[in-house]
Each structure stands twice: as structure tokens, then as C-alpha cells.
Amino acid sequence: MASVHESLYFNPMMTNGVVHANVFGIKDWVTPYKISVLALLYEMTASKITLSERRRLNKLILPLQQGPDLSLGQFLETVEECSPQTAYAVKIRLHEMADGELKDMEFFFSTLPTQFTAFDSEAYKTSVVGLFIRHMLLAYNKLSFSQVYKLYKSLQQYYHSYYAKLTDEPASLPALAADDSDMDLTSTEDTEGHTVDKEELDATLHESDLRADNAPSRGPLSQKQAEYFLARQAYLLKNDENKALKPAALQEELNNMLKFNPDFAEAHYLNYLNSMRVQDIFLSTHSLLHYFDRLILSGNEGKSNGDEGYGRSLRYAALNLASLHCRFGHYHQAELALHEAIRIAQESNDHVCLQHCLSWLYTLEQMKGSDSTVLTEDSVKMAAHFCLPYLASLGIQSLVQQGATQGKTAHKLMDALKDTDILHWKHSLSELIEISLAQTTSIWRMYGKSTMALQQAQLLLNMSSLEPVNFGVQQNNTEAFAVVLCHLAELHAEQGLYSAVTAIIQHLKEQFPHHTQHAKLWMLCDLKIQFEKHMNEGNYNLAEPLVTAISALNKTEGLYRKAQVLKALNCSTEAYSILQELQTHCEKTKCTEMVIRVMLSTAQLHWESSGFSTALPLLLQALALARQHHLQSLASETILHLAFTQLMLGVPEQALNVLHEAIEPILAHGSVMDKGRAMLLAARCQMAVAGFRPNQQGQADSRLVVLAVDSLNEAAAYFSKLSCKERLRDVHYLQAQLHHSLGQTLQRNKSAMLFRLLDQELQSPPVSMRL
């Protein structure tokens, strides 16, 4: 699991993804779109609609008021989805005004409910609807006659452009909008009390995509709409990136904002988040630095806190820069930025910032491959002292992760996670609850307890988030979800359920597109599953190209699988040299799981040269390592290799006794391949103990021979799930011999026929020295 501290959204100046766009001096103009919203609100108060329709419309009111100006077609389509009857009434109301006279629009505004006449309706003065209507009435009443007339003309253009599109006439909304003189509500004819600053009007923004269909919208963006746009996009980037604008579209909108106001600090920060989506190191660094520069220049921090606010921005700027370099693997630059943040925080005596710095310091040490246990323990103690439960919990989870790789027992790790879970639920730390469940899933899988891992994974996927649901989106695109879904895909692949694996991987592709931060998790998972599938089926030519792709994502995994392919292609010398290099590297990085797997593969190479006695010490060393680190799955696999080695050395009784030690955990938690190999090995041991000899009837122990037949039948069922034809051929060959010794002619002929069909299809000699 990647480090839990790598949060893209760590910024003390933004709370819950809400950005503050108070730098624009943009007023909320009375526009044709706002008149359409007024017509909707009027029809909601004046007409009778069903309870379900009213509920859907009520949920729509705030986004319509705060969002960008939509075209009439978009507006009517949105309302029609909630209430077709109300949409038709709004259309009639707009038709009466647009196709009538100026007095019809005047009459509409005069009939709107006010705070003195709407005690029993949605337009009551303290309601959202009432405040909006009052605001619009006040703005409308302040307009001069010439402004009212131009508003009426713009309403006509707004209305007729919709029907012009429907009838495929050449008139279109952009062409109409090009006439600035007709659409401008400010005029030199206005009286002094009604004049409007032309520069403010020119500073209006245009927003092209807050909707799912990504169609452009040409309405002006007011101050509240700018705040709504930034808040929505920041929230979607954090919680469900697929519903946010595409990177290119969002970049275009932010560039448009910054063109009108280069000092808009929050737009620079959203630009930084957007650049991180596509791993653009230059633009993300540029935007992050500009964000803090503009924040300091605007004086937002300094006004309330004086010099302290200025210093606070500087130290958090350095801390964010350190996290950025950490994400891109620039450890030296990250360390320099982190030391700068620590220095400034110490000068200001900012303990909270120092704790964040300490958390990033031990995270950086982990990324560099150093032992950071002491730093982590210090961070946990200091975070608890300063009552920072979030950082304390992150430290404990990091200690659990280190303890798992260092061979700590499961009950100690689970007790530590249980204590942190109490802290999470007490403080409603939803994100850390998800991380804890994902970490527990990973630990159970590492220990080889697939059932427990599956239970924890399902617990996270079915858990209701404690986070508030904004914009109709729940947080489900975090690293914890990606890790758990990858584990779920691998667990299904181990059981041969490849159709379910395809569905899970497809969901991961949709939830975490290729350009996102956590896409590498499912990419590597998908490649490993495909590789194992091709290797099990004997399609080595299809597995070989996948090695390059795996190496690009994880060099260690790529080297290991390259050795596997070379071993399967009988290139033993090349495979052995790669395995030795890989073992040396993994011993330095303390990657115990990979060290054990390399030892098992090396032992298999010794088998090919009949060096069973040479493989035995290697297997015993691997078993000791697996038991020391409580890796039950690898320990069981190592025992299978030991049993096969003892069988080949001529001690089948001892091999069968050793095998009984591993058979139970394999059948309970092992993969289908491990179950099939275990049952096939058990059958071979039972045949050897029974004294079975080919082409000889009645001389072997019939009881053990019958047990061997049952074991082979079970092994055949397991191998059939994986379409493992080479091993199925071995099973059918042994079945034919056993049935012949028992005098079962019909079963013998069936097994012999199946063997011949597979042998003709494979056209390769059987591999005898294989588990």
C-alpha cells in the first residue's frame, strides 16, 4: 500500500474543498436566465405539483441559482427531468413575455410574491427562494428605463434563439451574443445613480462546463458563480474525479479566469490540483508557487493575523512544495523544501506545522528505503501531546505497516489498528477509517488469510461514508478504494473467476482513469493477473510481452516474472542469474515476500538439474523466513516444495507427513492453482507409499490407490477451472494408470482418451520435474 500521507489536497487555506473567490468585483446582474429561474420559482409557488416532483425541484433550486447561466434549452431540459408539467408552465410564461410587449415583463415582476405576501409559500423572506426573489426585485427596481428595455430585448433574443436552434435556422446564440451593444445593460444614457463601471462588466467570466454533457455555456459568471464553480470542481477532484471537468476543459476555464484576474489565488490552487491529475510537474509547481504568492500579495492572511499570517503562508507553501516533490520522487528537492518549512515553523513556534513536517519527514525516509521507526514513534507521541488525532492515527498506521514487513505478529498489529479505529470513530475521521480497513485487508492477504481479507474488503466497499455528501457525490476514488478493489480482483483471479475479475478491472478503469494518481495500482494488478493466467494456461508467448509492461510499473515484479518466463522456456542459466540479482536487491530493501519467492524459484531450477539435495537447504531457509514473518501462504507453498523434494529423494512417507501440515491452510485460504498442485502431489505421494508400479495390477495397497484416485479427481477439478492443460494432462495420465491397476477398464479408457487429446493439442513433452 502506498503511503497514506500522500494527500493531493493538503492545504490549510482550503476547508472541505471550499475556495473563496472574493477577489472579483462582479455583481449579480438581472439576466434572461435569472428571469427563467424566477419563472420557475413563481410556477412552483402558484401551481400544484406532486410531492415527489416538488422534492426534486427543491433540490434543483440552489444549483440553478448558484450555477452558471444556461441556455434556455439546457434550462428547460433540466427542469423537465424533475417535473414536465412545471417545465411546460415555465415555457408558457416565458412565451407570454418574449412574444408580448414590455408591459408583460413588467406585469410578471409585479405579480411576484414578496416577503409581505408569502407567509405560507416557499417565497417566505427567510427562505432561499424568498431571498432570491427579493434580491432580483431590488436589482430590477434599480434599473433605469433604458436598462429595462435592453433587458426585455435580451430576453427576446434568449427565448427566440432556443427555437431558432430547434428549427435549424441560421440564427444562433453566439451570433446574438456578439452584439455587445444590445446585450449591455449599462448605457451612457443612464442617470448618475444608475451608472455601472464598464471595467467590472468586462471582467465577467464565461464558464463552459459545470454539466455532465460538457456542452459550452455562454452565460456570465458572477462572484457567487465563480465561488460555486471552484468549490464544485475542487470537491469533485477530491471525491469523484470522473464527474469533474476533463483536465483540458478545466485548464481552459482556469486560464480564462486568470486572464481576467491573474491575482485570483484560489484559481491557481485549482490549477495546481488539475496539473497533478496529468502528472505535469512544471505546471503544478508553477501554479502552487503562484497560489501562495497571490495569497500573500492579496493580504488575506496578513489582514487578520499581521506578520503571522504572512509567515504561515510561507511555511505551508514550503510544506506543500515538499509534498509535491515527494509525489514525483524528487527526494532531494523534497528534503530541502521540508527543512525550509521546519526552519520557518520553528521560528514562528508553530507546533501544528511542525507536526505536519515531522509526518512528511518519516514518510520521506520510508520512500527512500530508510528505517523511520524512531521518527514515526516521535511523531505519534508529539501529535498526541498537541491533540492532533489525525496525525497521531496516521503515525500509528505507518508503524503498523512497518511492523507487518518486519515480522510482527498479527494480534499486535490488529490491536494497534483497533485502538486507532476507536479514535477514528470518536472524531468521525472517515478517510482514516477507510485507510484502516484497506490496510487490514492488505495485512490479512500478506499473512495468507484470504477469507479475512475478503471480509475486510467487502466491509469497506459496503460502508456508508461519514463525509457530508455535496453535489450528489460520495467519496469513493481514494487510494483505499483502489487498493481494496485490486485485492478483490486478485482474490477472484486466484479462484479462477475471471469474469468477475474483468468486471472489477473495468470498474477500476472507469473510477480511476489512466491519468489519475492511483491508476498504477490497477494497471499493475491487471497485468499480474493476465500474466499468471497465461502462465497457468501454458501460453508463454503471450506472457512474455507483459513482462516489459510490468517492469515499467514495478521493476522488482518485472524481474521476477522475467525469470519465471525464462524458466518456463528452459533458459535456466539466464533465469538463475536474474534470480540471484533479484535476491540480493530484495535482501537489501528487506522485501521478505519477494526473497522467499525467489528462493522457491531457485529451488525449482535446481530440480531441473536433479539437484534435489542442493534445493533442500534453500527451501528450509525460505520456510524459516516465512514462519518468522508469519507468512502462512508462503510457508504452505514452501512446504509443498519440501514435500516434492522429499518425494524425489525417495522418502514418500516423510513427504506425505510434511504435506499434511500444509494441506489444511491451502484448502482453506489458498488459490485454485495451489489446491490443485497440493492434491496432485498428495496423489503422487500416496501412489509411492502404496508401492504402485505402472502396468502392474494387484500389487499396490488398494486403499491408498483409491485415495490417490480421489485426490487426482479433485486436482482435475481445480486445474479445469484455470484451463491448465499441461497439468491436466499429467493428472489424466496418472488416472489412467491407477484405473488400470484397479481393473476399471471404462474409467481407464476415458482417462487415456482425455490424455491423448490433450497431448495432441499441446504437442510438447510432459515436464516430470515440476510441482
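So, a few notes on the structure that sits alongside this text. No experiment lies behind these values; they were computed from the predicted model shown.

**Comments concerning the environment of L40**
For step 1, the next point in the chain: With respect to the element layout, L40 can be found in helix α1 (residues 32-46).
For step 2, the next point in the chain: Judged by relative accessible area, L40 falls into the buried class, the value being 2%.
For step 3, the next point in the chain: Look past the residues within four positions of L40 in its chain and what remains in contact with it is L57, L64, F75, V79, T86 and V90.

**Observations regarding the nonpolar core**
For step 1, the next point in the chain: Of all hydrophobic cores here, the largest spans 105 residues; its most connected members are I443, L508, L681, F719 and L738.
For step 2, the next point in the chain: Ignoring any residue separated from it by four or fewer positions in sequence, one finds F719 in contact with M673, G676, R677, L680, C724, R727, L728 and V731.
For step 3, the next point in the chain: Counting 46 residues, the second-largest nonpolar core is a separate cluster that includes A39, I49, L76 and Y162.

**Comments concerning the packing of aromatic side chains**
For step 1, the next point in the chain: Throughout the structure, instances matching the rule amount to nine aromatic pairs.
For step 2, the next point in the chain: Ring plane angle 50° and centroid distance 4.6 Å describe the contact between W607 and F644, whose orientation is recorded as tilted. One end of the pair, W607, is in helix α30 (residues 592-608); the other, F644, is in helix α32 (residues 632-648), with 37 residues separating them in the sequence. You'll find W607 and F644 in the same group, each marked buried.
For step 3, the next point in the chain: Judged by centre distance (5.4 Å) and plane angle (45°), the rings of Y733 and F755 are tilted. With Y733 in helix α36 (residues 725-741) and F755 in helix α37 (residues 745-762), the pair connects residues that are 22 residues apart, well separated along the chain.
For step 4, the next point in the chain: You can call Y733 partly exposed: its relative accessible area is 43%.
For step 5, the next point in the chain: One aromatic cluster is present, built from ring pairs that chain together Y42, F108, F109 and Y140.
For step 6, the next point in the chain: Over the aromatic face of Y498 sits the side chain of K533, whose NZ or CZ is 5.3 Å from the ring centroid.

Parameters and conventions
Here the residue numbers are simple positions, counted from 1 along each chain's written sequence. Only residues with pLDDT of at least 70 get local features here, since the model is predicted, and only at 80 or more are side-chain atom pairs given and counted; chain-wide, interface and lining totals rely on the full set of residues. With hydrogens and water set aside, each side-chain value is computed from the structure's full complement of heavy atoms. Only DSSP runs of H or I with at least four residues qualify as helices, and only runs of E with at least two residues qualify as strands; both kinds are numbered from the N terminus onward. Burial classes: relative accessible area under 20% of the type maximum marks a residue as buried, over 50% as exposed, and values in between as partly exposed (1.4 Å probe, protein chains only). It only takes one pair of heavy atoms within 4.5 Å for two residues to be counted as in contact. Here the nonpolar core consists of buried residues drawn from Ala, Val, Leu, Ile, Met, Phe, Trp, Tyr and Cys, with membership extended through side-chain atoms lying within 4.5 Å. Pairing of aromatic side chains requires ring centres within 6.5 Å, counting the rings of Phe and Tyr and the six-membered ring of Trp. Pairs whose planes differ by under 30 degrees are stacked, by over 60 edge-to-face, and all others tilted. As a reminder, the over-ring test applies to NZ of lysine and CZ of arginine, requiring each to be within 6 Å of the ring centre and within 35 degrees of the ring normal.

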